[in-house]
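Results of the structural survey
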Amino acid sequence: MRSLEDGLCDIVGKARRGLNLTEAAVADAAGLSSRQVADVESGRLVPDEAAVLRLACALGLRGEALAAIARDEYRPAPVNLELWGSVHVLESSYSGYPVNAYLVWDRQTRRAMLFDTGTDANAIRQLIREQDLALEAMALTHTHRDHIAILDPIRSEFKPRVIASRKEPAPGAHFVADGEQIALGSLSVEVRETDGHSPGGLTFVVTGFEGAPPVAAVGDALFAGSAGGARVSYERLIENIRSRILTLPDTALILPGHGPMTTVGQERQNNPFAG
Ligand SMILES: [Fe+2]
């Protein structure tokens, strides 16, 4: 089973930096020393459960969820993609670091949409051939390099429409905004703006699968058990996660840009950043 993208150290650091708090301020609020907070963030220290709960409280995180991650106990249940039959994860490596892209298609018309690119053009090419698909569009959750590394070669080979936010423009892209619906055969793709990790971060919610719940390609807004780094706005990121991702049905499948797939229900319970 794939391990989580983030551990206690990453989560505490992301929350503290997001809230613009000094190590000393968090240490004060949590009854630790600044050195201990620094050691937690560097992974040298996993404090006892009471201290983890105090840290969660000081950082506005869900205590039980953070404690379970500190004990290395949370793993989302493995996902059986056969239930959808037309959702495929493409895991690749960018500078030695794993990144996810996803291909989703309509089973009747074989029209497909690629969510981000990852770095492995061969895997995408092979899947498109094997499944006899027409790559109609490439939707960008955001434009950090690891997510769009092979945009140009995929675009020149398959000529898909590129869908992106105006706030993170890719050349020649069709710009979409919150609430827009894009048809993909019998499937429907809803655009939700989930900025905060990046200025124009988008989540794409795909509905219309026969006998299977919606899937949401969230990019780096949300990870199983964590969230992306708030490079633009922590407040916006957290608000977007809570109001635009975790309000989907519990059974909705979350397709994150890094780490394992998960569901809305599991993240509402187990993600320290869930409200
Ligand atoms: Fe990113």
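Here we summarise the structure given alongside this text.

Parameters at a glance
- Residues numbered from 1 in each chain as written.
- Predicted model: local features only at pLDDT ≥ 70, side-chain atom pairs only at ≥ 80, totals over all residues.
- Heavy atoms only, no water.
- Pairing = 2+ DSSP bridges.
- Helix = DSSP H or I, 4+ residues; strand = E, 2+ residues; numbered from the N terminus.
- Axes fitted to C-alpha atoms, helices over the stretch in contact; angles between N-to-C directions.
- Contact = heavy atoms within 4.5 Å.
- Parallel < 35°, antiparallel > 145°, perpendicular 65-115°, else oblique.
- Nonpolar A, V, L, I, M, F, W, Y, C, P; charged D, E, K, R; others polar.
- Core = buried A, V, L, I, M, F, W, Y, C linked by side-chain atoms within 4.5 Å.
- Buried < 20%, exposed > 50% of the residue type's maximum accessible area, 1.4 Å probe, protein only.
- Domains from an automatic or database assignment.

Brief notes about the sheet that holds strand E1 (residues 87-94)
- The strand order across the open sheet built from six strands is E1-E2-E3-E4-E5-E6, with neighbouring strands paired in mixed fashion. Edge strands, defined here as strands with exactly one partner in the open sheet, are E1 and strand E6 (174-176). With direction set aside, neighbouring strand axes in the sheet form an average angle of 25 degrees.
- When strand E3 (residues 111-115) meets strand E4 (residues 134-139), the two strands line up parallel, connected through five bridges. Bridge assignment links Arg111 to a residue of E4, and that residue is Ala134.
- Running at roughly 150 degrees to E4, helix H8 (residues 151-158) makes contact with E3, E4 and strand E5 (161-165) of the sheet.

Focus: the packing of helix H2 (residues 23-30) against helix H3 (residues 34-41)
- Put simply, H2 and H3 touch, their axes get as near as 8 Å, and they point 105 degrees apart. In terms of axis orientation, H2 runs roughly perpendicular to H3. Facing H2, whose interface residues are Glu23, Ala24, Val26 and Ala27, H3 presents Ser34, Val37, Ala38 and Glu41.
- Residues that form the contact of H2 with H3 fall into these classes: five nonpolar, one polar and two charged.

Structural notes on the nonpolar core
- Residues Leu61, Leu66, Leu246 and Phe273 are the most contacted members of the largest nonpolar core, which totals 41 residues.
- Listing elements by their share of this core, those giving two or more residues are helix H1 (8-18), H2, H3, helix H4 (49-59), helix H5 (63-70), strand E10 (215-219) and helix H9 (234-245).
- Each of two domains, domain 1 (8-70) and domain 2 (81-270), supplies a minimum of three residues to this core.
- For Phe273, the contacting residues outside a window of four places in its chain are Ile11, Lys14, Ala15, Leu61, Ser226, Ala227, Tyr234, Ile238 and Arg242.
- Membership of the second largest hydrophobic core comes to 26 residues, among which are Ala139, Val206, Ala212 and Leu253.

Focus: H5
- A large share of H5 lies buried, amounting to seven of its eight residues.
- Listed as buried for H5 are Gly63, Ala65, Leu66, Ala67, Ala68, Ile69 and Ala70.
- Looking at the buried residues of H5, the elements they touch are H1, H4 and helix H10 (264-270).
- Where H5 terminates, the next one or two residues include Asp72, which has phi positive at roughly 60 degrees.

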